[in-house]
Amino acid sequence: MITIRRAERSDEDAIWEIFHAVVERGDTYAFPSDMSRRDALALWMAPTVHTYVACDETSIVGTYIIRANQPGRGSHVANAAFMVAPSAQGRGAGRRMGEHCLAEARRLGFTSMQFNFVVSTNESAVALWKKLGFDIIGTVPAAFNHPTRGLVDAYVMYRPL
Ligand SMILES: CC(C)(COP(=O)(O)OP(=O)(O)OC[C@H]1O[C@@H](n2cnc3c(N)ncnc32)[C@H](O)[C@@H]1OP(=O)(O)O)[C@@H](O)C(=O)NCCC(=O)NCCS
């Protein structure tokens, strides 16, 4: 059973653990693999960001954020980012967070959602976002330096809300 709620300051240790484990792998996000806890939490828990955690019976297994993709006249378009703890991946937490995120973004008044940088080799993410109604609206050639595959494309994915 996965429950999702807004993140609190007391969740920062768990969020950092997941963030660090995902980013250290270097195959899904362009963040530097050695990004510090301080920089990571400044980004993930910023006042302009809506931060959520997904919990199973015992612990936090995932976290996601919603924010405006652009300021001002672009601020009706949401952007989001998701991380599931490597040990908890493939068990439905990502889908639960994705569905929750769409509902929350609508509730917050956003009219569409855009992912700016989905690494094309990230098969589970691309498959999940397609299942949740996103289309690939653009491909940025060789935009990501994958640790084992070298330069691979990144997708811009979008759906109206
Ligand atoms: C991508 C991520 C958020 C997905 O979350 P998850 O909990 O691992 O995924 P789920 O168990 O919810 O599975 C999601 C769906 O993808 C499908 N899927 C998984 N791997 C797949 C693959 N290689 N090909 C096709 N479908 C796949 C699953 O079958 C599932 O479909 P269903 O819900 O219809 O059964 C998670 O793996 C993660 O945090 N990865 C590292 C960070 C990351 O990539 N973030 C997203 C950046 S865009």
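Each remark here, short or long, concerns the structure printed above.
Described below are features of the structure shown in this document. Remember, it's a predicted structure, so these values are computed and weren't measured experimentally.

## Section: the layout of surface pockets
As a volume, the largest pocket reaches approximately 1000 Å³. Taken together, the elements giving at least two residues each to the lining of the largest pocket come down to α1 (12–25), α2 (37–44), β3 (60–68), β4 (77–84), α3 (93–107), β5 (112–119) and α4 (123–131). In terms of residue count, the dominant contributor to the lining of the largest pocket is α4 (seven residues). Partitioned by chemical class, the residues of the lining of the largest pocket number 24 nonpolar, eleven polar and seven charged.

## Concerning α1
Under the 1.5 Å per step criterion, the end-to-end length of α1 is 20 Å for 14 residues, consistent within 8% with the ideal 20 Å. Every buried residue of α1 is accounted for by E12, I15, W16, I18, F19, V22 and V23. Projected onto a plane normal to the axis of α1, the buried residues spread over an arc of 165 degrees and lie on a single side. Exposed side of α1, more than 90 degrees from the buried face: D13 and E17 are the residues found there. Considering only its buried residues, α1 is in contact with α2, β2 (50–55), β3 and β4. Looking one or two places after α1, you find G26, whose phi comes out positive at around 75 degrees.

## Points about the pattern of salt bridges
Enumeration according to the criterion identifies five salt bridges in this entry. R9 serves as the salt-bridge partner of E12, at 2.5 Å between the closest nitrogen and oxygen. Assessed through its relative accessible area of 15%, E12 is described here as buried. What makes R9 exposed here is its relative accessible area of 56%. Of the charged contacts, one joins R37 and D13 as a salt bridge, the two residues approaching to 2.9 Å between their closest N and O atoms. Of the two residues, R37 sits in helix α2 while D13 sits in helix α1, which places them 24 residues apart along the sequence. According to the relative accessible area criterion, R37 is partly exposed, its value standing at 32%. Its relative accessible area of 52% is what places D13 among the exposed residues.

Thresholds applied
- Residues numbered from 1 in each chain as written.
- Predicted model: local features only at pLDDT ≥ 70, side-chain atom pairs only at ≥ 80, totals over all residues.
- Heavy atoms only, no water.
- 1 Å grid on protein atoms, 1.4 Å probe; cavity = no way out; pocket = protein on both sides within 12 Å on 5 of 7 lines; lining within 4 Å.
- Points joined across faces, edges and corners; volume = space filled by probe spheres on them.
- Helix = DSSP H or I, 4+ residues; strand = E, 2+ residues; numbered from the N terminus.
- Nonpolar A, V, L, I, M, F, W, Y, C, P; charged D, E, K, R; others polar.
- Expected span 1.5 Å × (residues − 1).
- Buried < 20%, exposed > 50% of the residue type's maximum accessible area, 1.4 Å probe, protein only.
- Arc of directions from axis to C-beta.
- Contact = heavy atoms within 4.5 Å.
- Salt bridge = Lys/Arg side-chain N within 4 Å of Asp/Glu carboxyl O.

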